Amino acid sequence: MDRNNPTLSDFHAVLVLLRKGSFRTASDELGLSPSAVSRQISALEARLGTRLFDRDTRNVVPTASGRAFGRVAERMVNTAEDVMAEFDAHLSARNGRLTIAGLPSVTAGLLPGLLRSFTAEYPDIDLRIVDALSGSVLEAVETGAADIGFTAGTVSARSRLAFQPLMDDAFVAIGAPGGPLSEDRPYRWVELVGMPFIAMAQGTSVRELIDGACLRIGHTLAPRFEVAHLATAGALVAEGLGITALPTLTLPVLRTEALIQRPIPDFGARRRIGLVRRSGRSLSPPARAFLEHVRKSGIAEQTG
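Calculation criteria
Residues numbered from 1 in each chain as written. Predicted model: local features only at pLDDT ≥ 70, side-chain atom pairs only at ≥ 80, totals over all residues. Heavy atoms only, no water. Helix = DSSP H or I, 4+ residues; strand = E, 2+ residues; numbered from the N terminus. Rg over C-alpha atoms; globule rule 2.2 N^0.38 Å. Buried < 20%, exposed > 50% of the residue type's maximum accessible area, 1.4 Å probe, protein only. Contact = heavy atoms within 4.5 Å. Areas by Shrake-Rupley, 256 points an atom, 1.4 Å probe, with all protein chains shown as cover. Expected span 1.5 Å × (residues − 1). Arc of directions from axis to C-beta. Patch = residues over 30% accessible without salt bridge, like charges linked within 9 Å, V, L, I, M, F, W, Y side chains within 5 Å. Salt bridge = Lys/Arg side-chain N within 4 Å of Asp/Glu carboxyl O. Phe/Tyr/Trp six-rings, centres within 6.5 Å; stacked < 30°, edge-to-face > 60°.

(A) The overall build of the protein chain, seen in detail. Across its full length, the protein chain carries 12 helices and 11 strands. Taken over the C-alpha trace, the protein chain has a radius of gyration of 32 Å; the compact-globule value for 304 residues is 19 Å, which it surpasses by more than 25%. Over its C-alpha atoms, taken along the principal directions, the protein chain stretches across nearly 105 × 35 × 30 Å. Taken across its 304 residues, the protein chain has 42% of its residues classed as buried. Contacts in the protein chain between residues at least 24 apart in sequence constitute 72% of all its contacts with a sequence separation of at least 6. Counting every atom, the protein chain has about 15,900 Å² of accessible surface; 50% of that belongs to carbon and sulfur.

(B) Main features of helix α12 (residues 285-297). When the terminal C-alpha atoms of α12 are compared, their 18 Å separation across 13 residues agrees well with the 18 Å that a helix rising 1.5 Å per residue should span. Every buried residue of α12 is listed here: P285, P286, A287, A289, F290, L291, H293 and V294.

(C) Spatial organisation of helix α10 (residues 230-238). L230, A233, G234, L236 and V237 are the residues of α10 that are buried. Buried positions in α10, seen along its axis, are confined to an arc of 165° and lie on one side of it. Looking at the buried residues of α10, the elements they touch are α5 (104-109), β6 (161-175), β7 (198-200), β8 (225-227), β9 (244-247) and α11 (251-254). Following α10 by one or two positions, G240 adopts a phi angle in the positive range, close to 75°.

(D) Structural detail: a nonpolar patch on the surface. Together, V83, M84 and F87 line one region of the surface with nonpolar side chains, adding up to about 280 Å² of accessible area. Within the element layout of this structure, F87 appears in helix α4 (residues 64-91).

(E) Representation of the packing of aromatic side chains within the structure. The final tally for this structure, using the stated rule, is 7 aromatic pairs. Pairing F118 with F290 gives two aromatic rings, centres 5.2 Å apart and planes at 85°, and the pair type is edge-to-face. In this pair, F118 sits in helix α6 (residues 111-121) while F290 sits in helix α12, placing the two residues 172 residues apart along the sequence. Residue F118 is classed as buried on the basis of its relative accessible area of 0%.

Given below as structure tokens:
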């Protein structure tokens with residue numbers, strides 16, 4: 001051990017001895033025998049190369065070096081207590097940072113309510129939201145750029161990721177008032193694909209399910225427009241340029257309250273929404289707290 005590198009135990013022993021003034025009373029607080037405290041102080045003095053206390057049979061009196069060391073010891077002990085308090089807060093998820101990646105439809109449709117209640121319980125956790133397409137969500141979690149992610153489908157092909165299903169997101173038809181969906185009734189899928197259709201781009205989770213629904217009825221989708229962003233789809237629908245079909249969680253992204261929704265009873269599929277995390281990696285305390293919050297929210301029961 002470095003002769004000039006006292007331990008936290010040394011600092012604490014000096015402070016107690018300064019306060020108590022005797023090895024006997026200091027030993028009671030330190031949980032050691034008087035002889036053990038005396039040996040610790042003597043060993044410390046030897047390492048420092050200076051006497052900290054003058055002793056006689058009854059009294060222990062600090063030297064000038066002892067008083068100076070006591071001031072240092074007080075700062076060190078206080079700093080250690082502050083550091084451990086900060087670490088305890090980290091372990092209890094009272095503070096820290098949490099990065100959540102998610103599909104735009106999830107970050108807009110599902111996360112706001114969760115975050116409102118979560119931040120009320122954990123106000124000192126710094127939150128960062130990364131909204132991205134499915135592939136980018138998986139990459140962010142896989143590389144550690146995000147602690148957890150919300151995505152659609154499964155990730156069984158990615159051995160380093162684990163997928164926890166949360167809910168099934170049903171598709172609905174979306175149109176403008178006075179357009180092809182003006183009748184207030186459910187619409188069959190074959191009716192909808194025969195209308196001017198605004199589709200999400202190839203490679204999105206929504207488009208994969210749309211193409212699958214078309215395959216089940218033996219139709220090939222011939223969209224009037226293909227778009228990459230949900231807000232664009234909503235704007236085109238609002239202008240009466242066509243209809244679309246989207247999962248219900250995407251609707252807040254459209255930001256057009258005037259649009260109408262119609263059920264599609266025979267669509268034949270639902271978008272599976274779930275949480276993705278790295279397999280075999282320990283979650284940070286804030287991430288664990290958030291997952292527990294999601295579990296308590298009952299979202300995981302919204303399936304089928």
